[in-house]
Amino acid sequence: MSFYPDIAEYVPRDTSRHVENIFLIDRSFSMTQGSAPPLEDLKRTMQMIVQNLRGTSQFNFIDFGSSHWRLFERCANVNDDNRVKAWQHIQSIKGNHGGTFLFDALKSVFLLADRTPLGDRKVLRNVFVLSDGHVADPDSTLELIKKNAAYTRVFTFGIGESCNRHFIQAMARLVRFLFTCCNFLKNKKTDRLLFFLF
């Protein structure tokens, strides 16, 4: 697991503003491939994230593959009922949704984004991309992230030992943050990451 740059410098913990956390979850076929399928790392990562979400924030899941869809119609409060729904959803996740069309899922998030600069906003929106990075149309996806970097914080989680590090790192250079998920539960940096993000 690696952070680029140091997470404490880039993501100071801000408890003064309302936070929306939106998780884009890769459910494409490639997440089931290899001797250690990335999908299992993804599930463990999401379980730990849901466990650590602050009660003052809101969240949503957007699953994507050849198409994309939301767990909740709009961002939901972090409470016991919604945590249960999130846990049940994570348990049901399978890598059976075709190709990795991240561009369309991201575009659906950015279309609804507040165009107020991040520093002046009352509600802070964070978008977390959890993927093996083997996406369709990577150039257009990178251009989309670049155009919206001033309005939405995007964090990249590269899932699996065989993730496309070139693409994950390309996203990281645009948003100035990289998290590569390998042996997530055993890594000493995990607790530090969750503290600053959630």
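Residues numbered from 1 in each chain as written. Predicted model: local features only at pLDDT ≥ 70, side-chain atom pairs only at ≥ 80, totals over all residues. Heavy atoms only, no water.

Draft legend 1. Region of the structure containing the side chain of serine 108. One can find serine 108 in helix H4 (residues 102–110). In this structure the side chain of serine 108 is engaged in a polar contact, spanning 2.6 Å, whose partner is the backbone oxygen of alanine 105. Residues contacting serine 108, with those up to four places away along its chain left out, are Ile62, His68 and Arg70. (Helix = DSSP H or I, 4+ residues; strand = E, 2+ residues; numbered from the N terminus. Polar contact = N/O pair within 3.5 Å; in protein donor to acceptor, adjacent residues only side chain to side chain. Contact = heavy atoms within 4.5 Å.)

Draft legend 2. Highlighting the packing of H4 against helix H5 (residues 138–148). Two elements in contact, H4 and H5, have axes separated by 9 Å at closest approach and are oriented at 20 degrees. For the element pair H4 / H5, the angle class is roughly parallel. Here H4 and H5 pass one another in a crossing that is left-handed. Across the interface between the two elements, Leu102, Phe103, Leu106, Lys107 and Phe110 of H4 pack against Ser140, Thr141, Leu144, Ile145 and Asn148 of H5. (Axes fitted to C-alpha atoms, helices over the stretch in contact; angles between N-to-C directions. Parallel < 35°, antiparallel > 145°, perpendicular 65-115°, else oblique. Left-handed = near helix turned anticlockwise from the far one by under 90°.)

Draft legend 3. Molecular detail of the confidence of the model for the protein. On average, residues of the protein carry a pLDDT of 80, and 75% of them reach 70 or more. Low pLDDT (under 50) marks residues 1–6, which in the prediction has 22 contacts with non-local residues, meaning those over four places away or in another chain. (pLDDT = per-residue confidence, 0-100.)

Draft legend 4. Geometry of the packing of aromatic side chains. The tally for this structure, following the rule as stated, stands at six aromatic pairs. Ring geometry for phenylalanine 23 and phenylalanine 61: centres 5.9 Å apart, planes at 85 degrees, overall edge-to-face. With phenylalanine 23 in strand E2 (residues 18–26) and phenylalanine 61 in strand E3 (residues 58–64), this residue pair connects regions lying 38 residues apart in the sequence. By the burial criterion, phenylalanine 23 is buried, and phenylalanine 61 matches it. Through a chain of ring-to-ring contacts, the aromatic side chains of Phe23, Phe59, Phe61, Phe72, Phe128, Phe155 and Phe157 assemble into a single cluster. (Phe/Tyr/Trp six-rings, centres within 6.5 Å; stacked < 30°, edge-to-face > 60°. Buried < 20%, exposed > 50% of the residue type's maximum accessible area, 1.4 Å probe, protein only.)

Draft legend 5. Layout of unusual backbone geometry. The backbone phi angle of aspartate 137 is positive, close to 55 degrees, even though this residue is not glycine. Taking the relative accessible area as the measure of exposure, aspartate 137 reaches 45% and is therefore partly exposed.

Draft legend 6. Molecular detail of the pairing of E2. Counting buried positions over the nine residues of E2 gives eight, a clear majority of the element. Relative to strand E6 (residues 123–131), E2 is paired through eight bridges, and the arrangement is parallel. Residue pairing for E6: valine 19 is matched across the bridge by leucine 124. Two elements, E2 and E3, share seven bridges in a ladder whose sense is parallel. Across the sheet, phenylalanine 23 pairs through a bridge with phenylalanine 61, a residue of E3. As a crossover connection, the stretch from E2 through helix H2 (residues 38–52) into E3 is right-handed. (Pairing = 2+ DSSP bridges. Right-handed = clockwise from strand over helix to strand, strands pointing away.)

Draft legend 7. Molecular detail of the environment of tryptophan 69. Note on placement: tryptophan 69 falls in strand E4 (residues 68–70). Remark: the alpha-carbon pair of tryptophan 69 and serine 108, spanning 39 residues in sequence, is separated by 9.7 Å. Those residues in contact with tryptophan 69 that sit more than four places away from it in its chain are Arg27, Phe61, Ile62, Asp63 and His97.

Draft legend 8. Up close: the pattern of salt bridges. Evaluated as defined, the whole model comprises three salt bridges. Here arginine 27 ties to aspartate 63 by a salt bridge, and the two come within 2.8 Å at their closest N and O atoms. Separated by 36 residues along the polypeptide, arginine 27 in the loop between E2 and H2 and aspartate 63 in strand E3 bring together distant segments of the chain. Classification of aspartate 63 by relative accessible area gives buried; the value is 1%. The closest approach of N and O atoms between arginine 44 and aspartate 41, which form a salt bridge, is 2.6 Å. A residue pair is termed a helical-turn pair when its members lie 3 or 4 positions apart in one helix, as arginine 44 and aspartate 41 do in helix H2 at three residues. The exposure class assigned to arginine 44 is partly exposed, which follows from its relative accessible area of 35%. Judged by its relative accessible area of 13%, aspartate 41 falls in the buried class. (Salt bridge = Lys/Arg side-chain N within 4 Å of Asp/Glu carboxyl O.)

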